[in-house]
Amino acid sequence: MLRLILSPSVGGTAGYLYDAVAALASSGGEAVLIVPEQYSFAAERIVLERLGTADAQRVEVLSFTRLANTVFNSVGWDKGKRLNEAGKILLMSRALEQCADKLTVYARTAHSPAVVRELLVLSEEFCQCAISSEDIVSAMNNMEEGLLKDKLGDISLVFSVYDSFVSDGWLDDSRMLTRLKDKLAESGYFKNKTVFFDSFRGFTAQEFDVIGKILTQADDVCVALNAPDLTDVGSDDIFYHTKNTAKKLIKIANSVDVPCAKPVTVNEPNSDAALDALAKDFLSPEADVFEGECGSIAVVAAPDIRSECAFIAAQIKKMLRTGEYRSRDIAVIVRDDKSYIRPMMTALAKCGVPVFEDRRQPVINQPLMTLVRAALKIADTGFDTDSVLRALKTGLCPLEADEVSDIENYTYLWQINGSGWLKKWESSPDGFGEMTESASAELERLNALREKAVEPFARFRSKLKNNDGEGCAKAVFELLSELDTAQRLKELAIYLEDSGESVLALETERLWDTLCSLLDVAAQTLGGTPVKAARFARLFDLMLSTVTLGEIPHSLEEVTIGSAQRIRPIAPKAVFVLGANAGKLTLCP
């Protein structure tokens, strides 16, 4: 049976749903709680706190991805190698390259990184919407000749080649739920179980298909949704999307002959009347004026962003000193993270407030990645001075900082570039004039440094000539091994840790594993495909664009700060919202 649990407030269904889970577990029943990927840890924690260790063992907390892996393992299906974002972008690039001569609309831009990214995003959207290649061809056949039909023809061709690459021993996350739907019937995984869905704002077409299969097996399926009721008041209703989701679920249940119970509406009032009024009328165009006390709500105007952040940091410090709040009870939410995150972090640091930033950082400009990119540039275009110095200045090459400075001064003095790096330097380090004995000794030292600097890159450049994808990836690893880069990264991480930069130290330690993972993906996806240095350099940049590094909380006692799009605080007692300006909150499209 399908059971819908409704509440007008976000998280308002949590108490009812988790009580139902606890009652089922205590009676010996089996429960499966399915939540969004980002909320899985929080859900596991809530289940453990509410149910205790014994009953919590009867509750499985899964995301759709973890559910797919669990079902695949239960039926003994060989999933193949997991395809991450870097692998996807390489395969899409290969697909475009392979059919470039057959394209019409994308013929001139087949090698453009922007086109590769856009087609990959489009492919994932099609998968989420359960649109197959056959559906694209069917739509084309019903179109008149024109640009749209030609474009769909190109897309269909590229996607068919991409799908053939993926099916050759790879598992693409965007296609995982489609395969899960096919394997659920074989597994019988949900028989004699009750399934709960919590914290979803909606479902994709793929997820609806999976839910349809779950409905045919499970004893009960309970779905918590954020809506006061299912009354249809038009597309202007702020709960329109959620109500539409509920109607789709009911339609799916009817299509598989599963009965639907009357929806349960949970409207538990907040202990604070002012917060209830705010939740009720926050998005209403004609809100009622609340006449009661508003001690729990404060609206503060600040002259600028730094003043705003300083005030909030001071308020948080004051709340922590009273002992009424702990750091983990407080969340700071911003809409414009680019403008607010840095000033807010600085203000909290000045007040000595422990804070966790829910944000991911790109890796493309990290020293290790800069070294590899510079090496690939050298392999492609030769020893231009900028590329060589960029590699040497990363601190991951066998030259000290002052030695790099001496080389840099000499190259700028005598305009050394290109093949000049491979020839013995003969001009005086002192400039024009007679070569003195001290200048001769200095020149000899500089030549030794030059050889030490360029010889590894010269060997690397020769390895990348007439090589394939796997060989290029291997050559990069061999270059880093020759430069002893892994050990230098460890030393850099230790230095950062001793300097009090523990976050940077942790990021530095993770970079080596990240790079090795990228090289493995490149070797596996490109394989024996011939790849020139310039092409491999572009592909490496494409892979780097998909990689970001996130943090995990360093302790339980930290204030959480993040953008409204990402942050998922766990039942905070106090929330600060920054930049609640017109057009920002709510965000104008």
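Above this note sits the structure.
Residues numbered from 1 in each chain as written. Predicted model: local features only at pLDDT ≥ 70, side-chain atom pairs only at ≥ 80, totals over all residues. Heavy atoms only, no water.

1. Remarks on the packing of aromatic side chains
The condition that has to hold: Each aromatic pair joins two rings of Phe, Tyr and Trp (for Trp, the six-membered one) with centres within 6.5 Å, and gets the label stacked for planes under 30 degrees apart, edge-to-face for over 60, and tilted for any other angle. Elements are defined by DSSP. Helices are runs of H or I of four residues or more, strands are runs of E of two residues or more, and each kind is numbered from the N terminus. Only protein chains enter the accessibility calculation, which uses a 1.4 Å probe; a residue is then buried when its area is under 20% of its type maximum, exposed when over 50%, and partly exposed in between.
Counted according to the given criterion, the structure contains twelve aromatic pairs. Ring geometry for Phe 64 versus Phe 200: centroids 5.7 Å apart, planes at 65°, classification edge-to-face. Taken together, the positions of Phe 64 in helix α3 (residues 64-74) and Phe 200 in the loop between β6 (194-197) and α9 (205-215) put the pair 136 residues apart, joining distant regions of the chain. Exposure remark for Phe 64: the relative accessible area of 6% places this residue in the buried category.

2. Some words on the sheet that holds strand β2 (residues 31-34)
Worth spelling out the cut-off: Following DSSP output, two strands are said to pair if at least two bridges run between them. Note on contacts: a residue pair is in contact if any heavy atoms of the two residues lie within 4.5 Å. Here an axis means a line fitted to C-alpha atoms, over the contact stretch when the element is a helix, while the angle between two N-to-C directions is reported on a 0 to 180 degree scale.
Strand order in the open sheet formed by six strands is β3-β2-β6-β7-β1-β8, with parallel pairing between adjacent strands. Each edge of the open sheet carries a strand with a single partner, namely β3 (59-62) and β8 (264-265). Packing against the sheet, helix α1 (residues 14-26) makes contact with β1 (2-7), β2, β3, β6, β7 (220-226) and β8, and its axis sits at approximately 160° to β6.

3. Topic: the nonpolar core
Convention followed: Residue types Ala, Val, Leu, Ile, Met, Phe, Trp, Tyr and Cys, when buried and joined through side-chain atoms within 4.5 Å, form a set referred to as a nonpolar core.
Among the nonpolar cores identified, the biggest contains 90 residues, and Leu 119, Val 158, Leu 376, Trp 421, Phe 457, Phe 460 and Phe 536 are the most heavily contacted of them. Per element, the largest residue contribution to this core is ten residues, and it comes from helix α20 (residues 502-526). Those residues in contact with Trp 421 that sit more than four places away from it in its chain are Phe 383, Thr 385, Val 388, Leu 389, Ile 407, Thr 411, Ile 416, Arg 450 and Val 454. Ranked by size, the runner-up nonpolar core spans 36 residues in total, among them Val 210, Ile 211, Ile 214 and Ala 253.

4. Topic: unusual backbone geometry
Positive phi values are uncommon outside glycine, yet Asn 466 reaches one of about 55°. Following the sequence through the fold, Asn 466 ends up in the loop between α17 (437-463) and β12 (467-468). Among the residues examined, Asn 466 registers a relative accessible area of 86% and is labelled exposed.

5. Some words on a nonpolar patch on the surface
As a reminder, the rule being used: Candidate patch residues must exceed 30% relative accessible area and have no salt bridge, after which like charges are joined if within 9 Å and Val, Leu, Ile, Met, Phe, Trp or Tyr side chains if within 5 Å. Calculation of accessible area relied on Shrake-Rupley with a 1.4 Å probe; when residues are assessed, cover is drawn exclusively from the protein chains displayed. Salt bridges are counted wherever a side-chain nitrogen of Lys or Arg sits within 4 Å of a carboxyl oxygen of Asp or Glu.
Where nonpolar side chains cluster on the molecular surface, the patch consists of Leu 275, Leu 278 and Phe 282 and spans about 250 Å² of accessible area. Structurally, Phe 282 can be placed in the loop between α11 (273-281) and α12 (305-322). Assessed through its relative accessible area of 46%, Phe 282 is described here as partly exposed.

6. What about the environment of Val 547?
If you trace the backbone, Val 547 turns up in the loop between α21 (533-544) and β14 (548-550). Exposure remark for Val 547: the relative accessible area of 13% places this residue in the buried category. Along the sequence, Val 547 and Tyr 412 sit 135 residues apart, while their C-alpha atoms lie 35 Å from each other. Beyond its immediate stretch of four places on either side in the chain, Val 547 contacts Gln 361, Pro 362, Val 363, Thr 514 and Leu 518.

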